[in-house]
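# Secondary and tertiary structure notes
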Amino acid sequence: IASPMGAIEFENAPEKHRLLPLTPIAREGTMLENADAVEFLASDRAPFITGVDLLVDGGLSAALDHPEN
């Protein structure tokens, strides 16, 4: 996530430099994008969403699970 703490983590984790280009959305996520997901889940618009993981990762998990040949 593009944030001051995220920037420190990015610099100290070489693996992140390999993963960022694999992200289909081709950029880091923002704090606001994460906050939007939390706001949605905490709202009256999501009363039936329970017991699942919401991946706010720009599609990285899907890309890693299903790489192109």
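Residues numbered from 1 in each chain as written. Predicted model: local features only at pLDDT ≥ 70, side-chain atom pairs only at ≥ 80, totals over all residues. Heavy atoms only, no water.

Position of Ala2 among the secondary structure elements: in the segment before α1 (4-12). Overall, Ala2 belongs to the partly exposed group, its relative accessible area being 37%. Between the C-alpha atom of Ala2 and that of Leu20, which follows or precedes it by 18 residues, the distance is 12 Å. If near-sequence neighbours (up to four positions away) are discounted, Ala2 is found in contact with Glu28, Gly29 and Met31. (Helix = DSSP H or I, 4+ residues; strand = E, 2+ residues; numbered from the N terminus. Buried < 20%, exposed > 50% of the residue type's maximum accessible area, 1.4 Å probe, protein only. Contact = heavy atoms within 4.5 Å.)

Quick look at the pattern of salt bridges now. Inspection of every chain in the model, using the stated rule, returns two salt bridges. Note that Arg18 and Glu15 form a salt bridge whose closest N and O atoms lie 2.7 Å from each other. Separated by three residues within a single helix, Arg18 and Glu15 lie in helix α2 (residues 14-19), roughly one turn from each other. Looking at Glu15, the relative accessible area reads 41%, which means it is partly exposed. A salt bridge links Glu33 to Arg27; the nearest nitrogen and oxygen atoms lie 2.6 Å apart. (Salt bridge = Lys/Arg side-chain N within 4 Å of Asp/Glu carboxyl O.)

On average, the protein scores 92 in pLDDT, and the residues at 70 or more come to 99%. Between the elements of the protein, mean pLDDT differs from a low of 89, seen in α2, to a high of 96, seen in helix α3 (residues 31-42). (pLDDT = per-residue confidence, 0-100.)

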